[in-house]
Protein chains: 2
Amino acid sequence: MKLEILPVLGIGDVTEGDDLATLIATAAPWLRDGDVLVVTSKIVSKAEGRLVDVPADGPERLAARDEVLAAETARVVATRGATRIVQTHHGFVMASAGIDASNVDKTRLVLLPKDPDGSARALRAALRDHYQLDVAVIVSDTMGRPWRNGLTDVALGVAGMPAIRDHRGEIDPYGNELQLTQMAVVDELAGAAELIKGKCDQVPVAVVRGYLGVARAADGAGASALIRDAELDLFSLGTAEARAAGLREAAVLPDGPGPAPADPAAVDRAIAAVAEVVAPGTVFTHVTDDEVRAGLIASVPGWPAPAGGLVLGAPPAPVDAVDLVRFGADLQRLRTALAAEGISSALLPPPAGSTASAALAV
Amino acid sequence: MKLEILPVLGIGDVTEGDDLATLIATAAPWLRDGDVLVVTSKIVSKAEGRLVDVPADGPERLAARDEVLAAETARVVATRGATRIVQTHHGFVMASAGIDASNVDKTRLVLLPKDPDGSARALRAALRDHYQLDVAVIVSDTMGRPWRNGLTDVALGVAGMPAIRDHRGEIDPYGNELQLTQMAVVDELAGAAELIKGKCDQVPVAVVRGYLGVARAADGAGASALIRDAELDLFSLGTAEARAAGLREAAVLPDGPGPAPADPAAVDRAIAAVAEVVAPGTVFTHVTDDEVRAGLIASVPGWPAPAGGLVLGAPPAPVDAVDLVRFGADLQRLRTALAAEGISSALLPPPAGSTASAALAV
């Protein structure tokens, strides 16, 4: 009982139109049923002609590269400096959409295969039909990840085995149901193959032997099963991007109380959070007594009865003209929106003689 | 030229005080210099007594578990429902701080080793000193990751090899300097070992043979080299947490213009962003003409000359009492702080007769 990881040597340079099945079967006549073939996505892309011509250098190259990146991007996830982490049209979250300028001549960029699962299925079918080989195929690429330095190889596409090994329902010897239930085995296989590819330069294909039985498996759902929907992901946006989204949200807060009474402790936390920044003497009071609240609401013709409580605010001195309250709030909305744009601002005293305008220094 | 991944069978149950070096050397007399030994962190924790007693079930168990989690947590990164993703005191970002209730009896929880690099070094030293074996040791555990379904095994600790293989400065055959320069090979080795551990139940140790030369290596910097500082990480907080931080930030925006003039396009985007939410008739104007701006500033005694530009705001109708502008802005700060607490609010008309107070429905 063991696994072997074997390099496929002598494949050499791959160009558009090359038949990968023939290249691999010729380089590795020792391939067997049940082997897992791990193929670097770059040679798949090259064989499929997923290349774009760009200037060799200069600002023209950068501009062309940005254009290609925009075309490969479904959604920007995070940016810092020159780093662009995006979600591709496949759904993968990768730096620069996986566009690669290495191992290709200086005037071309390599894009990811258009359909890595389809590429894996096609290669598997060709090896089965023309070489009577029943193998699983993984199309791999190198990705970074949050929180940990260093990159690892993972699977972009797979055919002939499930992407995930599911332990759900299994019970450990102590009678506990297993907590960690779904292992991304194709990512572990891709990483294992990288260990030997990395040891021998120019080895775009490796074989993992001993992992699968030789039973003929269906192509399966592919590596797309590994893609988590952004709505389900706790890290769908970069921290800075999400923070800016929060600021923008603050700038356009919709009116209207929530459907349920607010948690009084949360209200008090909010009041405390602003205590330091409101004008000295300003007092905010959370009315928690239902009777008092009912009385206040009844006492003001036209006040809607809110589902929740009331917070009363009193400025330092009695003044008039309610519109200015709303105006001040609107100025604050603007200040928040400016902050979301990275601009700090200051409310200035009004021009002499004017009581009907305000100014922000930005 | 190949790698082999071999399971170490027959280690059986590990309990506090067990000598892992002896257990492993006895179970795997075939170990060789240059092997990479991948040891599941759980048996390291058990041997080191990193266990806590908890009630077998009920709310007491949950409460005890929460207490243990809090003690293992350096920083909460993201939460949703029962999920708690935290940074441990080691610096690892993991669900539930890596606390595990599987493969241990129901009245105990297994914590991560206190110093996984130290554990790896100690095991390596014991194998060298008592069994004349020169191996590298990886202490592994299972982790989830953003964006991709399924878990993989990675390295918590390592001794005897570098955690990262660095290709910096290497040139590909086309003359391009390599872009993907640092491979987290110990994570790939940990994942490779999981493939065989997962195939045979109760196999906490596996060996990767053929990866290292037999040259005696230093212990090295350990897996701590894989930990990325939160300040350098683009995903140091969950999206919801960062969004809430943005809202809190909006609630306490400091006064004061920025040191440099604001990008006019950004100012206009900010004005446009709030155009829909400010009172009908309210007009915000960005003064971009330096002379006009200088004139305005000069015309108002006491106005500071801002480094940047001005934004003038005019409410629907001329009114008085500037304090209310600041008051309205403060109310808006409060509304934003409430929103950061998940509470929506509405500014109500003032109580009859009063012009000196306002109310929020929450």
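Criteria and cut-off values
Residues numbered from 1 in each chain as written. Chains lettered and ligands numbered in written order. Predicted model: local features only at pLDDT ≥ 70, side-chain atom pairs only at ≥ 80, totals over all residues. Heavy atoms only, no water. Helix = DSSP H or I, 4+ residues; strand = E, 2+ residues; numbered from the N terminus. Buried < 20%, exposed > 50% of the residue type's maximum accessible area, 1.4 Å probe, protein only. Contact = heavy atoms within 4.5 Å. Areas by Shrake-Rupley, 256 points an atom, 1.4 Å probe, with all protein chains shown as cover. Polar contact = N/O pair within 3.5 Å; in protein donor to acceptor, adjacent residues only side chain to side chain. Pairing = 2+ DSSP bridges. Axes fitted to C-alpha atoms, helices over the stretch in contact; angles between N-to-C directions. pLDDT = per-residue confidence, 0-100. Arc of directions from axis to C-beta. Core = buried A, V, L, I, M, F, W, Y, C linked by side-chain atoms within 4.5 Å. Parallel < 35°, antiparallel > 145°, perpendicular 65-115°, else oblique. Left-handed = near helix turned anticlockwise from the far one by under 90°. Nonpolar A, V, L, I, M, F, W, Y, C, P; charged D, E, K, R; others polar.

*Asks:* What am I meant to see in the overall build of chain A here?
*Replies:* For chain A, the helix and strand inventory stands at nine helices and 16 strands. The burial tally for chain A puts 56% of its 362 residues in the buried class. In chain A, 64% of the contacts between residues at least 6 apart in sequence involve partners at least 24 apart. When the accessible surface of chain A is summed, it comes to about 14600 Å², and 56% of that surface belongs to carbon and sulfur atoms.

*Asks:* Explain the side chain of D134 of chain B here, please?
*Replies:* Turning to its location among the elements, D134 of chain B is positioned in the loop between α4 (116-131) and β8 (136-143). Here R124 of chain B takes part through its side chain, which lies 3.0 Å from a polar atom of the side chain of D134 of chain B.

*Asks:* Please clarify how the sheet that holds strand β12 (residues 205-209) of chain B should be interpreted in this entry.
*Replies:* Strands sit in the order β9(A)-β8(A)-β2(A)-β12(A)-β1(A)-β1(B)-β12(B)-β2(B)-β8(B)-β9(B) across an open sheet of 10 strands; the sheet is mixed. Bordering the open sheet on either side are β9 (152-159) of chain A together with β9 (152-159) of chain B, each of which pairs with just one other strand. The average angle at which neighbouring strand axes cross in this sheet is 25 degrees, direction not considered. Packing of α4 of chain B onto the sheet brings it into contact with β2 (36-40), β8 and β9 of chain B, and relative to β9 of chain B it is tilted by some 65 degrees.

*Asks:* How should I be thinking about the confidence of the model for chain A in this particular structure?
*Replies:* Close inspection of predicted coordinates is inappropriate in any region flagged by low pLDDT. Residues and elements named next belong to chain A. In this model, chain A carries an average pLDDT of 83, and 75% of its residues clear a pLDDT of 70 or more. Confidence drops under a pLDDT of 50 for residues 351-356, and excluding neighbours within four residues, the segment shows 12 contacts in the predicted structure. The ipTM assigned to the predicted complex is 0.87, against a pTM of 0.87.

*Asks:* Looking at this model, I keep getting lost on helix α1 (residues 20-27) of chain B. Mind explaining?
*Replies:* In an α-helix there are 3.6 residues to a turn, and that puts residues three or four apart on one side. Residue and element names in this part refer to chain B. Residues of α1 that are buried: L20, A21, I24 and A25. What you see down the axis of α1 is that its buried residues fit within an arc of 120 degrees, all on one side. Backbone nitrogen of A21 and a side-chain oxygen of the N-cap are separated by 3.0 Å at the start of α1; the cap is D19.

*Asks:* What is the right way to look at the nonpolar core in this model?
*Replies:* Note that soluble globular proteins tend to have their nonpolar side chains buried in a common cluster. Of all hydrophobic cores here, the largest spans 54 residues; its most connected members are I138 and M161 of chain A together with I138 and M161 of chain B. Non-local contacts of M161 of chain B, meaning those with residues more than four positions away in its chain, are made with V36, A136, I138, V185, V186, L189, Y211, L212, A218 and D219 of chain B.

*Asks:* Please explain the packing of helix α6 (residues 239-251) of chain A against helix α6 (residues 239-251) of chain B as it appears in this structure.
*Replies:* Each pair of packed helices gets described by two things: the angle between the helix axes and the distance between those axes. One can describe the packing of α6 of chain A onto α6 of chain B by two numbers: an axis separation of 7 Å at closest approach and a directional angle of 45 degrees. By the angle between their directions, the pair α6 of chain A and α6 of chain B is classed as oblique. Our pair here, α6 of chain A against α6 of chain B, has a crossing hand that is right-handed. Packed against α6 of chain A, whose contacting residues are T239, A242, R243, A245, G246, L247, E249 and A250 of chain A, the element α6 of chain B presents T239, A242, R243, A245, G246, L247, E249 and A250 of chain B at the interface. Grouping the constituent residues of the contact of α6 of chain A with α6 of chain B by class yields eight nonpolar, four polar and four charged.

*Asks:* So what exactly am I meant to see when it comes to the sheet that holds strand β6 (residues 93-95) of chain B here?
*Replies:* Pairing between the strands of a sheet comes from backbone hydrogen bonds, and it takes one of two forms, parallel or antiparallel. Residues and elements named next belong to chain B. Strand order in the open sheet made by the three strands is β4-β5-β6, with antiparallel pairing throughout. On the outer flanks of this sheet lie β4 (73-80) and β6, each paired with one strand and no other. Across the sheet, the axes of successive neighbouring strands diverge by a mean angle of 30 degrees, strand direction being ignored. By the bridge criterion, six bridges tie β4 to strand β5 (residues 83-88) in an arrangement that is antiparallel. For A78, the partnering residue across the bridge sits in β5 and is I85. Contacting β4 and β5, helix α3 (residues 58-72) runs over the sheet at an angle of about 120 degrees to β4.

*Asks:* Teacher, can you tell me more about the environment of A120 of chain A here?
*Replies:* Residues and elements named next belong to chain A. Mapping A120 onto the fold places it in helix α4 (residues 116-131). With relative accessibility at 0%, the residue A120 sits in the buried group. Placed 39 residues apart in sequence, A120 and A159 show a C-alpha to C-alpha distance of 5.4 Å. The contacts of A120, once residues within four sequence positions are left out, are V137, V139, G157, V158 and A159.

*Asks:* What's the story with the pairing of strand β12 (residues 205-209) of chain A in this structure? I'm lost.
*Replies:* On any regular strand, side chains alternate: one points to one face of the sheet, the next to the other face. Residues and elements named next belong to chain A. Burial analysis of β12 places five of its five residues in the buried class, which makes it a mostly covered element. The alternating pattern of β12 places V205, V207 and R209 on one face and A206 and V208 on the opposite face, and all of these are buried. Bridging between strand β1 (residues 3-7) and β12 involves four bridges; their strand directions are antiparallel. Paired with E4 across the two strands is R209, which belongs to β12. Sheet topology note: the strand β2 (residues 36-40)/β12 ladder contains four bridges and is antiparallel. When the bridges of β12 are listed, V38 appears paired with A206.

*Asks:* Which parts of the structure should I look at to understand the environment of V154 of chain B?
*Replies:* Counting through the fold element by element, V154 of chain B comes out in strand β9. Separated by 152 residues in sequence, V154 of chain B and K2 of chain B place their C-alpha atoms 22 Å apart. Contacts of V154 of chain B, omitting those with residues within four sequence positions, involve R148 of chain A together with V139, S140, D141, M143, D187 and A190 of chain B.

*Asks:* Help me understand the environment of G49 of chain A, please; the structure alone is not making it clear to me.
*Replies:* In this fold, G49 of chain A is placed in the loop between α2 (41-47) and β3 (51-53). Sequence separation of G49 of chain A and V110 of chain A is 61 residues, and the distance between their C-alpha atoms is 8.7 Å.

*Asks:* What exactly am I supposed to notice about the pairing of β5 of chain B here?
*Replies:* Residue and element names in this part refer to chain B. In sequence, β4 turns back onto β5 through a hairpin of two residues, with G81 there showing a positive phi of about 55 degrees. Two elements, β5 and β6, share three bridges in a ladder whose sense is antiparallel. Paired with Q87 across the strands is V93, a residue of β6. From the end of β5 to the start of β6, which pair antiparallel, there are four residues, and G91 there has a positive phi angle of about 110 degrees.

*Asks:* In this structure, what is going on with unusual backbone geometry? I would like to understand it.
*Replies:* Generally, phi is negative for residues other than glycine and the peptide bonds are trans, each holding for most cases. All names here are of chain A. Backbone geometry at A97 places phi at a positive 55 degrees, although glycine is not the residue there. Mapped onto the elements of the fold, A97 is located in the loop between β6 (93-95) and β7 (108-110). Despite not being glycine, W147 shows a phi value in the positive range, around 75 degrees. Within the secondary structure layout, W147 lies in the loop between β8 (136-143) and β9.

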